[in-house]
Amino acid sequence: MSENKLDTMNDETAVNGDSGMSRPVEASVGNRLGTHHPGRLGLKIASLPLPVYLAMAAVVFIAALTGTLPESMVSGFAVTILFGGLLIWIGNLFPVVRDFGLPTVLCTFVPALLLFMGLLPENLVTVVQTFVDPQGFLDFFVVAIIAGSILGMPRALLLKAGPRFAVPLLGCLVATFVIIGAIGAAMGMGFFNAMLMIAAPIMAGGLGLGALPMSEMYAAKTGTDPATFMGDLLSAVVLANVVCILIAGLYNGLGKRRKQLFVGFNGHGELMRIKGTAGELSTPKKRDASSYLALGKGLAIASVLFVLGELLGTYLEFLHPYAWTIIAAAALKIFGLLPQDLEDSASDWGEMVSSVLVPALLVGVSITYIKIDEVLASMGNPVFIVLTIATVIVATPSSGFLGWLVKFHFVEAAITPGLVMADTGGSGDVSVLSAANRMHLMPFAALTNRIGGALVLFVTALLVPFMG
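Residues numbered from 1 in each chain as written. Predicted model: local features only at pLDDT ≥ 70, side-chain atom pairs only at ≥ 80, totals over all residues. Heavy atoms only, no water.

In the annotation of an unreviewed UniProt entry, the protein is listed under the name 2-hydroxycarboxylate transporter family protein and assigned to Arthrobacter ginkgonis.

Okay, structure coming up:
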């Protein structure tokens, strides 16, 4: 899922591409420097001025304490957006550890911890759990990401650059799944269980296409609740992200030595070893603004893709509905069945959802699915720790080697798609590329997350029937 937009949001301006001057935006939504970060004086939370935020939070909290918070979707948005914005703001107050994903960690585990300690009003908990599950906020989020990620990729990029970039991307996925499965089997976890519980959520390149939909898949297969799996899946993703950042820092250190271990080892930021093709692997700059009508069309497209996935999944049960949604979106993109403006609308809708609602989603998932006692059990399990760290270690050199075979530099290919596949996506990409001192590789990270994440989710759907 892409959390790289946690710190961006627009209120009233967009950039005029012709003159370079700011102009009012009457019917559009755009991007500008966000306020999820504390800012100069730390006076904004969830992009709201502090007095406004406090007043709004007080209303919601008093309603929850008095048991009058309505059990509706609207209340769910109010609670999760305000709660998530506060935790993101707190996480970004700490300069060093925030680079290791502290804001995401707080949103993921603090609400569950407060629930475990009995510190959340019962009315609030009920509202959030109803919002996430019966009312379908999780589906709302995941489908927006699927539609936006796939339909937002340039068709020419998929057809021209895809085959070359697919070698390290697909190769590291296959190598990681097989090797982690084998290690898991040797350590008593089981071949398919190790792949599905450790490798799959980590290699999905984020939460939106990883732990969140996978917990739904596994619950449907086993006839249990997604909460049974969510704690383990999210713990694996968070721990792997830390390992990714540490390895990225190691690669940065190697780069500073200016020593080539072998021909094509380190490109010092250059991905390709051949000239004239790097442009084929670039993604266009994201638009700074989108009209309200475009966002509405994007919502409609994502919603219908979700319905289509559910329809196909009902009659073709060998794949999860999410997988059918991915197939449908990919078919629309590859065969050019939608006009460009509708593809852009779906992409804009996905970007808006990932920009604004990631903290809200993490809070909702935390309260609904995560059990702190199960998380502690997972983190105290040596097999879990070994397999999680091994997943990152396997993905990195396998991606680097396969990338080197198709004329990429080893270090750069090991970082993306290798490390980028294994981090938390979005904010994880920023942290990894920053630690590696290669932020200019962000377009390749975006390509990795969009294509790789959807692919991992699809492969996971194929493997679920083998789950023990």
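> Quick rundown of the overall build of the protein? Include the residues and the values.
Within the protein one finds 18 helices and six strands. Counting the 468 residues in the protein, one finds 53% classified as buried. For the protein, long-range pairs separated by at least 24 residues make up 77% of all intrachain contacts whose partners lie at least 6 apart in sequence. (Helix = DSSP H or I, 4+ residues; strand = E, 2+ residues; numbered from the N terminus. Buried < 20%, exposed > 50% of the residue type's maximum accessible area, 1.4 Å probe, protein only. Contact = heavy atoms within 4.5 Å.)

> Quick rundown of the environment of Asp341? Include the residues and the values.
Residue placement: Asp341 occurs in helix α12 (residues 340-356). Separated by 44 residues in sequence, Asp341 and Lys297 place their C-alpha atoms 9.4 Å apart.

> I'd like a rundown of the packing of aromatic side chains, residues and numbers included.
What describes a pair of aromatic rings is the distance from one ring centre to the other and the angle between the planes of the rings. Under the defined criterion, the tally for this structure stands at 14 aromatic pairs. Seen in terms of ring centroids, Phe262 and Phe265 are 5.2 Å apart; in terms of plane orientation they differ by 70 degrees. Their pairing is edge-to-face. With a relative accessible area of 35%, Phe262 lands in the partly exposed category. One aromatic cluster is present, built from ring pairs that chain together Phe77, Phe131, Phe137, Phe140 and Trp349. (Phe/Tyr/Trp six-rings, centres within 6.5 Å; stacked < 30°, edge-to-face > 60°.)

> Go over helix α15 (residues 382-405) with me, naming the residues and quoting the values.
The end-to-end C-alpha distance of α15 is 35 Å, a good match for the 34 Å that 24 residues give at a rise of 1.5 Å each. For α15, the N-terminal cap is Asn381; the gap from its side-chain oxygen to the backbone nitrogen of Val383 is 3.0 Å. Phi for Lys407, located one or two positions after α15, is positive at around 75 degrees. (Expected span 1.5 Å × (residues − 1). Polar contact = N/O pair within 3.5 Å; in protein donor to acceptor, adjacent residues only side chain to side chain.)

> Let's hear about the nonpolar core: which residues, and what values?
Of all hydrophobic cores here, the largest spans 140 residues; its most connected members are Met203, Tyr218 and Leu419. Counting residues per element, this core draws most heavily on helix α9 (residues 227-256), at 16 residues. Apart from residues lying up to four places away in sequence, Met203 is in contact with Cys172, Leu173, Thr176, Phe177, Thr391, Ala395, Met421, Ala422 and Val456. (Core = buried A, V, L, I, M, F, W, Y, C linked by side-chain atoms within 4.5 Å.)

> Account for the packing of helix α3 (residues 102-116) against helix α14 (residues 372-379), with residues named and values stated.
At their nearest, the axes of α3 and α14 sit 9 Å apart, and the two run at 120 degrees to each other. Classified by the angle their axes make, α3 and α14 are oblique. For the pair α3 and α14, the contacting residues are Phe109, Ala112, Leu113 and Phe116 in the first and Ile372, Asp373 and Val375 in the second. Its residues assigned to classes, the contact of α3 with α14 comprises six nonpolar, no polar and one charged. (Axes fitted to C-alpha atoms, helices over the stretch in contact; angles between N-to-C directions. Parallel < 35°, antiparallel > 145°, perpendicular 65-115°, else oblique. Nonpolar A, V, L, I, M, F, W, Y, C, P; charged D, E, K, R; others polar.)

> Describe the pattern of salt bridges, and please don't skip the residues or the numbers.
Going through the model one piece at a time under the given rule, you end up with three salt bridges. Lys297 is the salt-bridge partner of Asp341, the closest N and O atoms lying 3.3 Å from each other. Of this pair, Asp341 sits in helix α12 while Lys297 sits in helix α10 (residues 292-315), and the two are 44 residues apart along the sequence. With a relative accessible area of 39%, Asp341 lands in the partly exposed category. For Arg438, the salt bridge goes to Glu412, with nearest N and O atoms at 2.8 Å. Placement of the pair is Arg438 in the loop between α17 (427-435) and α18 (442-463) and Glu412 in helix α16 (residues 410-422), with a sequence separation of 26 residues. (Salt bridge = Lys/Arg side-chain N within 4 Å of Asp/Glu carboxyl O.)

> Could you give me a rundown of the packing of helix α7 (residues 191-203) against α15, with the residues and numbers involved?
Where α7 meets α15, the closest approach of the two axes is 10 Å, and the angle between their N-to-C directions is 50 degrees. In terms of axis orientation, α7 runs oblique to α15. The handedness of the crossing between α7 and α15 comes out as right-handed. Residues Ala194, Ile198, Ala199, Ile202 and Met203 of α7 pack against Phe384, Leu387, Thr388, Thr391 and Ala395 of α15. The residue inventory of the contact of α7 with α15, partitioned by class, reads eight nonpolar, two polar and no charged. (Left-handed = near helix turned anticlockwise from the far one by under 90°.)

> Before we move on, could you go through the confidence of the model for the protein and cite the residues and values that matter?
Looking at the protein, pLDDT values average 82 and 84% of them are 70 or higher. For the protein, per-element mean pLDDT is lowest for strand β1 (residues 13-15), which scores 32, and highest for helix α1 (residues 50-65), which scores 96. Here residues 1-41 is a poorly scored stretch, pLDDT under 50, and it has 103 contacts once near neighbours within four places are set aside; other chains count. (pLDDT = per-residue confidence, 0-100.)

> Kindly report on the side chain of Arg438, identifying the contributing residues and their values.
Arg438 gets classed as buried once you look at its relative accessible area, which sits at 3%. Engagement of the side chain of Arg438 in a polar contact is seen with the side chain of Glu412, the distance being 2.8 Å. Not counting residues up to four positions away in its chain, the partners in contact with Arg438 are Tyr251, Asn252, Asn266, His268, Gly269, Val411, Glu412, Ile415 and Leu433.

> Lay out the environment of Thr424 with the relevant residues and their values.
Tracing the backbone shows Thr424 in the loop between α16 and α17. As for Thr424 and Thr104, which are separated by 320 residues in sequence, their C-alpha atoms are 9.0 Å apart.

> Please set out α3 residue by residue, giving values where relevant.
An ideal rise of 1.5 Å per residue puts 21 Å on 15 residues; α3 measures up with 20 Å between its terminal C-alpha atoms. At Phe109, α3 shows its largest kink, close to 30 degrees, and the proline Pro111 lies no more than four residues downstream. Among all positions in α3, only Leu102, Pro103, Thr104, Leu106, Cys107, Thr108, Phe109, Pro111 and Ala112 are buried. Of the residues flanking the end of α3, it is Gly118, one or two places downstream, whose phi is positive at about 75 degrees. (Bend = angle between axes of the 7 residues up to and from the residue.)

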